[in-house]
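What the coordinates show
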Amino acid sequence: MRLSLRFLVPLLVALALFAYAAVPLVDTLTTRWFVRDLDIRSNLIASTVAEPLADLIETGSSTRILAFFHRLTSDERLYAVGLCLPDRPAPIATGAFPPELRCSALAPYLTVGDHLLRTAKGVVHVAVRPVGRDAQDRADLVLVHDMSFIERRSEETRRYLFWFFVALSASVALITVVIAQLSWRGWVAGLRALLRGEGILRPSAGTAPELRPIARDVQALLRELEHQFRPTDESQQRWTEETLRAVLRGEMRGDDIIVVSNREPYIHVATPQGVRVQRPASGLVTALEPVMRACSGTWIAHGSGSADRETVDRHDHVAVPPGHPRYRIRRLWLTPEETAGYYDGFANEGMWPLCHIAHVRPTFRTSDWEQYRAVNAKFADAVVAEAHSDDPVVLVQDYHFALLPRMIRERLPNATIITFWHIPWPNPESFGICPWRDELLDGLLGSDILGFHTQFHCNNFMETVDRFVEARIDRETFTVVCGGERTAVHRYPISIEWPPAPLAQAPTVDEAHERVRVRFNLPRDHRLGVGIDRMDYTKGIVERFNAIGRMLELHPEWVGRFTFVQIAAPTRGTIDDYRDYAERVRRTAAAINDRFPGAAHPPIVLVAEHHEPDAVYEYHRASDICFVSSLHDGMNLVAKEFIAARDDERGVLILSQFAGASRELPEALIVNPYDADQCAEALHVALTMPADEQRDRMRLMRNLVREFNVYRWAGRMLLDAAAMRQRKRFRDRIDA
Ligand code: F6P
């Protein structure tokens, strides 16, 4: 309103001045038009009366002339008429004839023009026209018109103009106020939209032109803010537990952190010797556990251990790591039906084969889907119960919880939800076969950030959303806006802690080699390869064994001098495909060993048992080769663990091109696990690789894993989340 007044007052003053100047101008113009009219009228009267008046002049009768004039002045505007004859000094004139007009002084009125005379009775118009038949009879006819009506009209015109300008000013003022209010509102709305990030994060085609400079300024401000929030990211060379803690204390302002995963980081198992703590074979746990040690907070997971219930408090909490508590697990109990439907059925018989190209067909059952939904809702309840504020940071993990982000968003609208998908995301055709694809996508789009290991998986996700969801997709910033909510889809390649904790107690490389050699009764100079996996069909264990067999065929000099130890942790044993696969792995190992009956030592040793991290590190340090032959894998942290374990800069990593890790570790020997000959050749190259080359490759890979460790992985996501939270608080302040 104040803005409108500031604009209106000068406008009205200008209008008043204009009116003040316009009235005299209009007055002059109208007077001129009337005078011209009277001149024309006088001509008309003179020419009309010329003939009869000439006759009357010839009669010489003043009385008759005067009578004629009286008839003429019956026209109300013709005020007076007079006739000046050459031989008479006074005119023959009607009574109102102005005495100021004398016959001897008529010359100025003879021409057509602006002849006004101010008399005692007012202003009159005087026109003098010659009449008479010849020059001797020439007389001057004097026609006097009343001009008072002009004054009356001028007065009327002035009044009319006054009201006209009043009306005009009122209309202009009204229109100005309305337009100013509308554009002010539009401008404010535009500015608010800018501050909400619209027109800043997206190309600014929709941004009002007058707001573009402001958009640029706000962009610069946000960049600066983001820059301030990232002092420890790009510029920070080393990410450590302490760096991550500093991010939480600083950028996240000590906000509440809640992790949700199906698998728990510590499982309490009842054994005849008492309760034992087990660390599961899980890339997710390997990565997140050190992060939680740094961040504290609460980790909600399925309590699946046989002694889990015995070890929790009355709120189902247990502090971990055992003996040195840094954070707490909140255990959730699932019934056998829930586990069968949600975990075995929907997650592992449906989603797992759906997302991995391992040529195992997914199975989808409605009953499994219902359990999946119910268990997701159960975890949502637990998140709400564990949150200390209405805006916690929730880290949702993996394909077991595709519905959870939306469920949390509905219950805690201010939460910052970061979902990480640990397995690959397939192309839209593959994903589209899931009968509940729309629900799964909608659930995931409840996240603020959705993370994948590789750009390829991000691209697949965006294409899937594009295919099945009505949403706005920004491929420049990699964000999806659906129902007014924004999800950033970014690549965060997962990693391991650096330095790895198990290395602190690990034996030297020579000691480790010695222990393994003795364990399997192998000679001193025996060469060792290792594979460490869950017994999962995606890991390509059968293909790996076939490659070993092929290598021994092609390079028989290694028969009896090389043994491959395969550690295969039992997993998902209630599922037919897993049981069948475990059987195939056993048969393949036996068949290959049988193919080389003369070998003093078996080519393959299969240890299908769970191993704790220390034991895993011992195998890594003992081996010349680590062979990771996944048919499809989100990342595969075993590859990074092998590198981390080799502080002696020795050992060769053979890595499947279908594992996400191959994008980051090109110094490994990259192979196609389906190509047995190529893999066999890689094994031979690895066994004969000079120490220098091993060191050069290992050094580069170690530098990468050291720099891109799990603290950086978590830190980058938390910094992105912190920037989002900061922006949201800023927008809320502006909106308020
Ligand atoms: O890393 C992928 C992953 O499926 C994790 O989500 C899971 O914890 C791990 O592998 C092991 O699988 P599971 O938890 O079913 O034993």
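Structure shown above.
Predicted, not measured: the structure shown is a model, and the values here were computed from it.

What counts, and at which threshold
Residues numbered from 1 in each chain as written. Predicted model: local features only at pLDDT ≥ 70, side-chain atom pairs only at ≥ 80, totals over all residues. Heavy atoms only, no water. Near = heavy atom within 4 Å. Polar contact = N/O pair within 3.5 Å; in protein donor to acceptor, adjacent residues only side chain to side chain. Areas by Shrake-Rupley, 256 points an atom, 1.4 Å probe, with all protein chains shown as cover. Nonpolar A, V, L, I, M, F, W, Y, C, P; charged D, E, K, R; others polar. 1 Å grid on protein atoms, 1.4 Å probe; cavity = no way out; pocket = protein on both sides within 12 Å on 5 of 7 lines; lining within 4 Å. Points joined across faces, edges and corners; volume = space filled by probe spheres on them. Helix = DSSP H or I, 4+ residues; strand = E, 2+ residues; numbered from the N terminus. Disulfide = S-S within 2.5 Å. Buried < 20%, exposed > 50% of the residue type's maximum accessible area, 1.4 Å probe, protein only. Expected span 1.5 Å × (residues − 1). Contact = heavy atoms within 4.5 Å. Pairing = 2+ DSSP bridges. Core = buried A, V, L, I, M, F, W, Y, C linked by side-chain atoms within 4.5 Å. Domains from an automatic or database assignment. Salt bridge = Lys/Arg side-chain N within 4 Å of Asp/Glu carboxyl O.

What follows is about the site of the ligand. As a structural note, the neighbourhood of the ligand is formed by R263, A281, S282, L284, Y343, W352, D398, Y399, H400, R534, T571 and R572. Side-chain polar atom of R572 to an oxygen atom of the ligand: 2.8 Å apart, as the coordinates give it. Relative to its free-state accessible area of 370 Å², the ligand is covered by the protein chains to the extent of 91%. The class makeup of the residues in the shell around the ligand is 5 nonpolar, 3 polar and 4 charged.

Turning to empty space enclosed by the protein, a few remarks are in order. Applying the stated rule across the entire model yields 2 cavities of 30 Å³ or more. As a volume, the second largest cavity reaches approximately 30 Å³. What lines the second largest cavity is simply G651, V652, L653, E667, A668, L669, M689, Q694, R697 and M701. Of all the elements in the fold, those that place two or more residues in the lining of the second largest cavity are β22 (652–656) and α20 (691–707). Here the element with the most residues in the lining of the second largest cavity is α20; it accounts for 3 residues. Within the lining of the second largest cavity, the residues separate by chemical class into 6 nonpolar, 2 polar and 2 charged.

Attention shifts here to the state of the cysteines. If you walk through the whole model with that rule in mind, you get 1 disulfide. A sulfur-sulfur distance of 1.9 Å marks the disulfide that ties C84 to C103. Negative torsions about the S-S bond denote left-handed disulfides, and the value of about -80 degrees found for C84 with C103 makes this one left-handed. Here the residue C84 occupies a position in strand β1 (residues 78–84), and C103 occupies one in the loop between β2 (92–93) and β3 (116–119), the gap between them amounting to 19 residues. Like C84, the residue C103 is buried in the burial classification.

In this section: helix α13 (residues 455–468). Compared with an ideal rise of 1.5 Å per residue, which puts 14 residues at 20 Å, α13 spans 20 Å between its outermost C-alpha atoms and is within 8% of the ideal. Those residues of α13 that sit buried are H457, C458, N460, F461, M462, T464 and V465. Buried residues in α13 make contact with α11 (428–431), α12 (437–444), β14 (449–452), β15 (472–474), β16 (479–482) and β17 (485–491).

Our focus in this paragraph is the sheet that holds β3. With antiparallel pairing, 5 strands are arranged side by side in an open sheet as β2-β1-β5-β4-β3. The open sheet is flanked by β2 and β3, the only strands paired with a single partner.

So, about the nonpolar core. Ranked by size, the top nonpolar core spans 93 residues in total, and within it W421, L440 and F461 carry the most contacts. Two domains each provide a minimum of three residues to this core, namely domain 2 (257–491) and domain 3 (501–708). Leaving out residues up to four positions away in the same chain, F461 has contacts with W425, L441, L444, L445, L450, F452 and V489. One finds M252, A301, I418 and L653 within the second-largest nonpolar core, a separate group that totals 76 residues.

Attention now goes to the pattern of salt bridges. Here the structure, examined in full by the defined rule, presents 46 salt bridges. The partner of R519 in a salt bridge is E618, and the shortest N-O contact between them spans 2.5 Å. Note that R519 is positioned in helix α14 (residues 509–519) and E618 in helix α17 (residues 613–622), a separation of 99 residues in sequence. By relative accessible area, E618 is classed as buried at 7%. Where R695 meets D696, a salt bridge forms, and the shortest distance between an N and an O atom there is 3.7 Å.

Any functional reading would require information beyond the geometric quantities listed.
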